[in-house]
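Residues per chain are reported as follows:
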Amino acid sequence: MRVTEQRRLAALEAELARLKAEIASVGLVSPGSVVRRFMPCGKPGCRCQGDPPQLHGPYWQWSHKVDGKTITRRLTPDQAGLYQQWIANRRRIDQLLARMEQVSSQAAEILLRDAEAARPRRFRRPPEPSSSASIISGGSN
Ligand SMILES: [Zn+2]
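About the thresholds
- Residues numbered from 1 in each chain as written.
- Predicted model: local features only at pLDDT ≥ 70, side-chain atom pairs only at ≥ 80, totals over all residues.
- Pairing = 2+ DSSP bridges.
- Helix = DSSP H or I, 4+ residues; strand = E, 2+ residues; numbered from the N terminus.
- Axes fitted to C-alpha atoms, helices over the stretch in contact; angles between N-to-C directions.
- Contact = placed C-beta atoms within 7 Å.

Q: Hey, could you run me through the sheet that holds strand β1 (residues 33–39) in this one?
A: Within a beta sheet, neighbouring strands are joined by backbone hydrogen bonds and run either parallel or antiparallel to one another. Across the sheet, which stays open at both edges, the 3 strands sit in the order β1-β2-β3 with antiparallel pairing between neighbours. Two strands lie at the open edges of the sheet, namely β1 and β3 (69–75), each paired on one side alone. Taken over all neighbouring pairs, the strand axes of this sheet differ in orientation by 35° on average, direction set aside. The pairing of strand β2 (residues 56–66) with β3 spans 7 bridges and is antiparallel. Across the sheet, residue H64 finds its bridge partner in β3, namely I71. Seen against the sheet, helix α2 (residues 77–117) touches β1, β2 and β3 and runs at an angle of roughly 150° to β1.

Put into structure tokens, the structure is as follows:
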């Protein structure tokens, strides 16, 4: 491996180590999303049924999918704050993992080239059927 490639590989490995450390520092993670809703109630004559309607709320809800079905959970404002943080953490890990894939693929190119160069010469290009046929025809001339 050339010195420039060794340096490049070391830099990529350092970047990977930094990304891994950042992933390790992320706290709880959650799928789904948090929504804030305003809703009417069923009480006749309530302000939520006036004109214009003054809906009740806000109500906080966390929803996520399980086996294709949307599951929702009512939350207090404080709980909604926690879920928003956990969902943001999950997105951060997705971003970090995507970056790790990019860096890994750059490092992989260097390692693959190096492994290719280290292969014994006689294994580098397997003989093709057409080349052995041309040797036979060349020998008969
Ligand atoms: Zn109402």
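After presenting the structure, the write-up continues.
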